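Analysis of the macromolecular model
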Amino acid sequence: MQNINMLENIDALLFDLDGTLVDSMWIWRDIDIQYLERYGITLPDNIQLQIEGMSFTETAHFFKEKFAIPDDVETIKSDWNAMALNKYMTEVPMKPGAIDFLNYALEKGFKMGIATSNSVELVKQITAVHGLDNYFPVIKTSCEVAKGKPAPDIYLLVAETLKVKPERCLVFEDIVPGIIAGKSAGMKVCGVEDKYSDTTRGEKKRLADYYIYHYDDIRSKGRNFHAFMKNL
């Protein structure tokens with residue numbers, strides 16, 4: 001089986017959070033269902049694809065307009081934060097092998113940052129629960145830039161803050177808009193398997209430079225990590 005060293009000529013590793021580092025995408029469908037039930041609305045089957053990559057604020061605007069939610073955007077976001085907080089604190093694990101890989105990357109001196117579409121409030125809780133602040137000196141949310149994914153803004157902001165050139169960055173992403181964002185930023189991208197985006201697996205593999213099903217797929221050969229080529 002042919003392998004390729006995807007960390008060669010790379011100075012920084014940039015990660016999405018939900019579905020990439022933590023196994024959390026499942027909670028948002030549950031929250032969306034429960035939230036819309038308050039207004040007697042059934043969650044449309046295709047809603048997740050419509051909002052993929054949007055910032056937390058952009059998603060709140062989308063829900064308000066699409067479903068005629070009477071609350072303002074800040075109230076919608078506050079309600080979602082409250083509904084998600086306990087689940088993130090108690091029910092959301094790291095993706096398999098992620099911590100081992102982060103420990104290796106930290107040991108080897110890679111700079112690391114998080115570029116997430118989640119809310120600042122929830123990101124603070126997630127990173128605290130899993131001790132991620134020890135790995136990531138830079139954590140940015142899409143609410144801090146003009147446009148969420150698939151625009152490259154968030155990844156360019158993280159790279160700029162880390163003081164690393166985009167072409168020296170490797171992005172880890174679980175959804176198509178995120179992969180497009182990384183590629184549009186001029187970065188290499190490794191697609192990450194997640195069951196909540198498995199219907200777009202083929203597109204993810206086509207767009208990404210590399211693809212992994214688990215972080216355990218990133219093998220240690222001597223002192224180098226390798227990833228399976230995306231077509232395997």
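Structural data are supplied above this passage.
A brief look at the structure comes next. It should be emphasised that the depicted structure is a prediction, and the values quoted were computed from it without experimental measurement. Numbers given to residues run from 1 along each chain, matching the order in which its sequence is written. Only residues with pLDDT of at least 70 get local features here, since the model is predicted, and only at 80 or more are side-chain atom pairs given and counted; chain-wide, interface and lining totals rely on the full set of residues. For the side-chain quantities, the full set of heavy atoms in the structure was used; hydrogens and water were omitted.

1. A look at the environment of leucine 21
Note on placement: leucine 21 falls in the loop between strand E2 (12-15) and helix H1 (25-37). Note on exposure labels: buried denotes an accessible area under 20% of the residue type's maximum, exposed denotes more than 50%, and partly exposed covers the range between, all computed with a 1.4 Å probe on protein chains only. The buried category is assigned to leucine 21, whose relative accessible area is 0%. Placed 185 residues apart in sequence, leucine 21 and arginine 206 show a C-alpha to C-alpha distance of 21 Å. When checking whether two residues touch, look at their non-hydrogen atoms; a contact exists if any pair is within 4.5 Å. If sequence neighbours within four positions are ignored, leucine 21 has contacts with Phe15, Asp16, Met94, Lys95, Ala98, Leu102, Ile114, Phe136 and Tyr215. For the purposes of this entry, the term helix denotes a DSSP run of H or I that reaches at least four residues, the term strand denotes a run of E that reaches at least two, and both are numbered from the N terminus.

2. Notes on the packing of aromatic side chains
For this analysis, a ring pair means two rings from Phe, Tyr or Trp (six-membered ring only for Trp) whose centres lie within 6.5 Å, classed as stacked if their planes differ by under 30 degrees, edge-to-face if by over 60, and tilted for the remaining angles. The full count for this structure, using the stated rule, is 16 aromatic pairs. Ring plane angle 55 degrees and centroid distance 6.3 Å describe the contact between tryptophan 28 and tyrosine 88, whose orientation is recorded as tilted. Residue tryptophan 28 is located in helix H1, and its partner tyrosine 88 is located in helix H4 (residues 73-90); the two are separated by 60 residues in the primary sequence. Each member of the pair, tryptophan 28 together with tyrosine 88, is buried. The interplanar angle of 70 degrees and the centroid separation of 5.8 Å between the aromatic rings of tyrosine 35 and tryptophan 80 together place this pair among those described as edge-to-face. You can see tyrosine 35 sitting in helix H1 and its partner tryptophan 80 sitting in helix H4, a full 45 residues away along the chain. Using a relative accessible area of 2% as the deciding quantity, one classes tryptophan 80 as buried. Members of the aromatic cluster, each reached through a chain of ring pairs, are Trp28, Tyr35, Tyr39, Phe56, Phe62, Phe63, Phe67, Trp80 and Tyr88.

3. Here we look at the state of the cysteines
Cysteine sulfur pairs qualify as disulfides if the two atoms are within 2.5 Å. For the coordinates displayed, the defined rule picks out zero disulfides. Here cysteine 190 stays unpaired: no disulfide links it, and the sulfur of cysteine 169, its closest cysteine neighbor, is 14 Å away.

4. Quick word on the sheet that holds strand E3 (residues 111-116)
Strands are treated as partners if at least two bridges between them are detected by DSSP. The strand order across the open sheet formed by six strands is E4-E3-E2-E5-E6-E7, and the pairing between neighbours is parallel. The open sheet terminates on both sides in strands that have one partner only, identified here as strand E4 (138-141) and strand E7 (210-212). The sheet shows a mean angle of 20 degrees between the axes of neighbouring strands, taken without regard to direction. Relative to strand E5 (residues 169-173), E2 runs parallel, the two being bridged by four bridges. From the neighbouring strand, alanine 12 faces E5, where its bridge partner is cysteine 169. Only C-alpha atoms enter the line fits that serve as axes; for helices the fit covers just the stretch in contact. Angles between N-to-C directions range over 0 to 180 degrees. Sheet contacts for helix H5 (residues 98-107): E2, E3 and E5; angle to E2, the most-contacted strand, approximately 150 degrees.

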